[in-house]
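What follows is the residue order along each chain.
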Amino acid sequence: MKVLIADKSHIKYADIICETIEVSAQVRGTGIAKRTPEYVASKMENGNAVIALDGDTFAGFCYIEKWGHGKFVANSGLIVHPDYRGKGLAKKIKHKVFEHSRNKFPDAKVFSITTGLPVMKLNSDLGYKPVTFSELTDDQTFWDGCQTCQNYDVLTRTNRKMCLCTGMLYDPKKVGKDEEVETKEVKEKVFKRLKRIKQALFLRKNKSKK
C-alpha cells in the first residue's frame with residue numbers, strides 16, 4: 001500500500017473517486033458535497049491531492065483547497081474505498097495530506113468541516129480545534145460549494161453560523177513547535193455530545209415549520 005502525492009498519471013482514478021464519495025454519502029445518510037471527475041483531476045494536475053494505491057487498485061483519496069488568497073487551506077474529500085476500511089488507511093491519508101498542506105502552504109490556517117466523528121478525531125490528533133464558522137474562511141466560493149450537500153438548507157437558515165458539520169481549525173501561529181508533534185486529543189464523547197446538540201436543535205426547527 002502506497003500513499004502518494006497525486007499527479008497527472010493518477011487522473012484515470014478520478015471517476016472511481018467521485019463514485020466512492022457519492023456512494024459513501026448515500027450509505028451514511030449525511031451531507032457530503034459532490035465532486036466532479038474534472039475537479040478531482042485538476043487537483044491532481046496541480047499537485048494538491050493525495051492518493052492511496054494498492055498496486056494499481058484505488059484505495060483512498062484526499063485533496064487540498066486554497067481559499068482567501070492562500071490565508072486558508074482545507075483538506076477535503078477524504079475517502080477510503082469500502083474494501084480498505086477499518087485498516088487505519090484514513091489516518092495515513094489524513095496525515096499525508098496535512099503534512100503536504102503544511103509544507104506547501106506553511107503560513108496558511110488549515111480547516112475542516114465534517115459530520116464524521118472519525119474525521120473529527122483524526123483532526124484533533126493533528127492539532128485542530130473546534131471553532132465557529134465565523135473563524136473559517138469568508139471566501140464565498142467555498143460556501144457555494146456546500147450547495148450540493150443535502151444539509152445546505154440548514155446552513156442558509158442559520159445565516160451560515162451553524163450546520164450539522166463541525167468546523168475545526170489548525171492555526172500554525174497558535175501551535176508551539178512541540179505541540180506540532182504532540183497534540184492533545186479531544187475525547188470522543190465531546191464530539192458525540194456536540195453532534196447530538198446540533199441534531200436536536202435542527203430537528204426542533206424542522207418541526208416548528210410544519
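Residues numbered from 1 in each chain as written. Predicted model: local features only at pLDDT ≥ 70, side-chain atom pairs only at ≥ 80, totals over all residues. Heavy atoms only, no water.

### Focus on the overall build of the protein
Our working definition: A run of DSSP states H or I qualifies as a helix once it reaches four residues; a run of E qualifies as a strand once it reaches two. Both are numbered from the N-terminal end. For each residue, the accessible area found with a 1.4 Å probe, counting protein chains only, is set against the maximum for its type, and the residue is called buried under 20%, exposed over 50%, and partly exposed in between. Residues are treated as being in contact if the distance between any of their heavy atoms lies within 4.5 Å. Accessibility throughout is a Shrake-Rupley quantity obtained with a 1.4 Å probe, and a residue counts as covered only by protein chains that appear here.
Looking only at helices and strands, one finds seven helices and seven strands in the protein. Its helices and strands in sequence order give the protein the pattern β-α-α-β-β-β-α-β-α-β-α-α-β-α, from N to C terminus. Out of the 210 residues in the protein, the part that is buried amounts to 46%. For the protein, restricting intrachain contacts to residue pairs at least 6 apart in sequence, the fraction spanning at least 24 positions comes to 70%. Taken as a whole, the protein presents about 11800 Å² of accessible surface, with 51% of it coming from carbon and sulfur.

### Section: the pattern of salt bridges
Put simply, the rule reads: When a carboxyl oxygen of Asp or Glu lies within 4 Å of a side-chain nitrogen of Lys or Arg, that pair is called a salt bridge.
As enumerated under the stated definition, the model contains two salt bridges in all. For Asp-171, the salt bridge identified is with Lys-109, shortest N-O distance 3.9 Å. Of the two residues, Asp-171 sits in the loop between strand S7 (166-170) and helix H7 (188-209) while Lys-109 sits in strand S5 (residues 109-114), which places them 62 residues apart along the sequence. Across the pair Asp-153 and Arg-157 runs a salt bridge whose closest N-O atoms are separated by 2.8 Å. Here Arg-157 and Asp-153 lie together in helix H6 (residues 152-157), a separation of four residues that amounts to about one turn. According to the relative accessible area criterion, Asp-153 is partly exposed, its value standing at 38%. Look at Arg-157 and you get partly exposed, because its relative accessible area is 26%.

### Details of the packing of aromatic side chains
The geometry of an aromatic ring pair is captured by two quantities: the separation of the ring centres and the angle between the planes. What counts, and what does not: Pairing of aromatic side chains here covers Phe, Tyr and the six-membered ring of Trp, requires ring centres within 6.5 Å, and sorts the geometry by plane angle: under 30 degrees stacked, over 60 edge-to-face, intermediate tilted.
In total, this model carries 10 aromatic pairs according to the counting rule given. With a centroid separation of 6.1 Å and 40° between ring planes, the pair formed by Phe-61 and Tyr-63 is classed as tilted. A relative accessible area of 2% places Tyr-63 in the buried class. Centroid distance Phe-72 to Phe-111: 5.9 Å. Interplanar angle 85°. Geometry classified as edge-to-face. With Phe-72 in strand S4 (residues 72-80) and Phe-111 in strand S5, this pair connects stretches of sequence that are 39 residues apart. On the basis of relative accessible area, Phe-72 is assigned to the buried category, the value being 12%.

### Some remarks on the confidence of the model for the protein
As a reminder of what qualifies: Each residue carries a pLDDT score, the predictor's confidence in it, ranging from 0 to 100.
Overall, the predicted model of the protein reaches an average pLDDT of 82, with 80% of residues at or above 70. Of all secondary-structure elements in the protein, the lowest mean pLDDT belongs to H7, at 59, while strand S2 (residues 49-54) reaches the highest, 97.

### Brief notes about a negative patch on the surface
Our working definition: Residues form patches when they are more than 30% accessible in relative terms and have no salt bridge. Like charges link within 9 Å. Nonpolar side chains (Val, Leu, Ile, Met, Phe, Trp, Tyr) link within 5 Å. We count Lys and Arg on the positive side and Asp and Glu on the negative side, and we leave His and both chain ends out. Note that the charge is assigned to NZ on lysines, CZ on arginines, CG on aspartates and CD on glutamates.
A cluster of acidic residues, Asp-15, Glu-19, Glu-22 and Glu-38, forms a negative patch on the protein surface. Counting residues per element, the negative patch draws most heavily on helix H1 (residues 14-28), which supplies three residues.

### With respect to the nonpolar core
Definition in use: Only buried residues count toward a nonpolar core, which is a set of Ala, Val, Leu, Ile, Met, Phe, Trp, Tyr and Cys residues joined through side-chain atoms within 4.5 Å.
Core analysis: the largest hydrophobic core is formed by 20 residues, its most contacted members being Val-73, Leu-89, Ile-93, Phe-98, Val-110 and Tyr-128. Mapped onto this core, the elements with two or more residues apiece are S2, strand S3 (57-67), S4, helix H3 (89-104), helix H4 (117-126) and S7. Take this core: its biggest share by element is four residues, from H3. In contact with Tyr-128, other than residues within four places in its own chain, are Asn-75, Lys-94, Phe-98, Val-110, Phe-111, Ser-112, Asn-123, Met-168, Leu-169 and Tyr-170.

### Observations concerning the environment of Asp-125
You can see Asp-125 is positioned in helix H4. What makes Asp-125 partly exposed here is its relative accessible area of 28%. Residues Asp-125 and Lys-91 lie 34 residues apart in sequence; the distance between their C-alpha atoms is 9.7 Å.

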